[in-house]
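Commentary on secondary and tertiary structure
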Amino acid sequence: MPLEHALLVALSERPASGLELTRRFETSLGFFWHATHQQIYRVLGRMEADGWVTVEVVPQDGRPDKRVHTPSALGRTVLADWLAAPTPMEAFRSELAVKMRGASYGDRAALAGHLRDARADHATRLAQYEQMEREQFPDPDGLEAGPKDRWLVLRGGIGLERFWIDWITDYLQAHEQDDTRETP
């Protein structure tokens with residue numbers, strides 16, 4: 001997925017400056033699609049040149065003018081076309097999974113340490129997602145379409161983090177059982 005589509009979604013939710021988009025990518029969108037500050041600004045410039053966004057210059061006291069981006073009619077059409085296009089099945093690509101598969105050919109104990117760290121990171125992210133859900137969506141049954149979409153994506157993130165925690169735990173426990181059987 002090109003960054004352009006993620007930015008069109010974000011700007012459709014709420015027009016923003018490049019800095020505001022960067023902050024949103026650091027706090028919510030970035031959990032699902034990563035982009036650096038430089039990438040966001042570069043792509044916004046291209047989107048403006050291609051007519052996908054319009055820019056309103058907002059004067060600020062004591063600071064440079066703020067450029068607020070909004071999807072143009074063409075940008076909304078591009079986004080609608082992209083949303084309507086089928087999404088190809090994604091392959092499961094994970095460096096960690098390849099290391100788990102190849103652990104027999106290296107230092108399994110070192111990998112186990114990395115796996116424990118990864119599991120802790122996933123537990124931290126899970127706690128963040130669950131807190132976001134409690135704070136932002138206390139009554140999901142009453143949500144309108146846009147907020148419901150955001151809540152459902154957050155629910156997917158919660159499920160994904162639980163998957164990683166469970167899978168890593170299964171892997172570690174299976175090899176801990178092997179280690180106890182091999183020890184006299």
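Residues numbered from 1 in each chain as written. Predicted model: local features only at pLDDT ≥ 70, side-chain atom pairs only at ≥ 80, totals over all residues. Heavy atoms only, no water.

Details of the overall build of the chain
What the chain contains, in helices and strands, is seven helices and two strands. Here the C-alpha atoms of the chain give a radius of gyration of 21 Å, more than 25% beyond the 16 Å that 2.2 N^0.38 yields for 184 residues. Overall size of the chain, expressed as C-alpha extent along the three principal axes, is 75 × 40 × 40 Å. Classification of the 184 residues of the chain by burial places 32% in the buried group. The long-range fraction of contacts in the chain, counting pairs at least 24 apart against all pairs at least 6 apart in sequence, stands at 57%. In the structure as shown, the chain presents an accessible area of about 12,300 Å², 54% of it carried by carbon and sulfur atoms. On the chain, the mean spot of the 22 positive side-chain charges and the mean spot of the 29 negative ones are 2 Å from each other. (Helix = DSSP H or I, 4+ residues; strand = E, 2+ residues; numbered from the N terminus. Rg over C-alpha atoms; globule rule 2.2 N^0.38 Å. Buried < 20%, exposed > 50% of the residue type's maximum accessible area, 1.4 Å probe, protein only. Contact = heavy atoms within 4.5 Å. Areas by Shrake-Rupley, 256 points an atom, 1.4 Å probe, with all protein chains shown as cover. Lys, Arg positive; Asp, Glu negative; His and termini not counted. Charge placed at Lys NZ, Arg CZ, Asp CG, Glu CD.)

A word on the pattern of salt bridges
Within this structure, the stated rule accounts for eight salt bridges. For Arg 150, the salt bridge goes to Glu 13, with nearest N and O atoms at 3.8 Å. Placement of the pair is Arg 150 in helix α7 (residues 145–182) and Glu 13 in helix α1 (residues 3–13), with a sequence separation of 137 residues. The class for Arg 150 is partly exposed, based on a relative accessible area of 36%. Among the charged side chains, a network of salt bridges with common partners joins Glu 13, Arg 24 and Arg 150. (Salt bridge = Lys/Arg side-chain N within 4 Å of Asp/Glu carboxyl O.)

Describing the UniProt feature "domain: Transcription regulator PadR C-terminal" (unreviewed entry) in the chain
Using the residue numbers shown here, the UniProt feature "domain: Transcription regulator PadR C-terminal" (unreviewed entry) corresponds to residues 93–174. With 80% helix and 0% strand, residues 93–174 has end C-alpha atoms that lie 22 Å from one another. (UniProt positions renumbered as here; feature names shortened; annotations may be inferred.)

Some words on the UniProt feature "domain: Transcription regulator PadR N-terminal" (unreviewed entry) in the chain
When the UniProt feature table is mapped to this numbering, "domain: Transcription regulator PadR N-terminal" (unreviewed entry) covers residues 7–80. Structurally, residues 7–80 is divided into 51% helix and 23% strand, and its ends, taken at the C-alpha atoms, are 13 Å apart.

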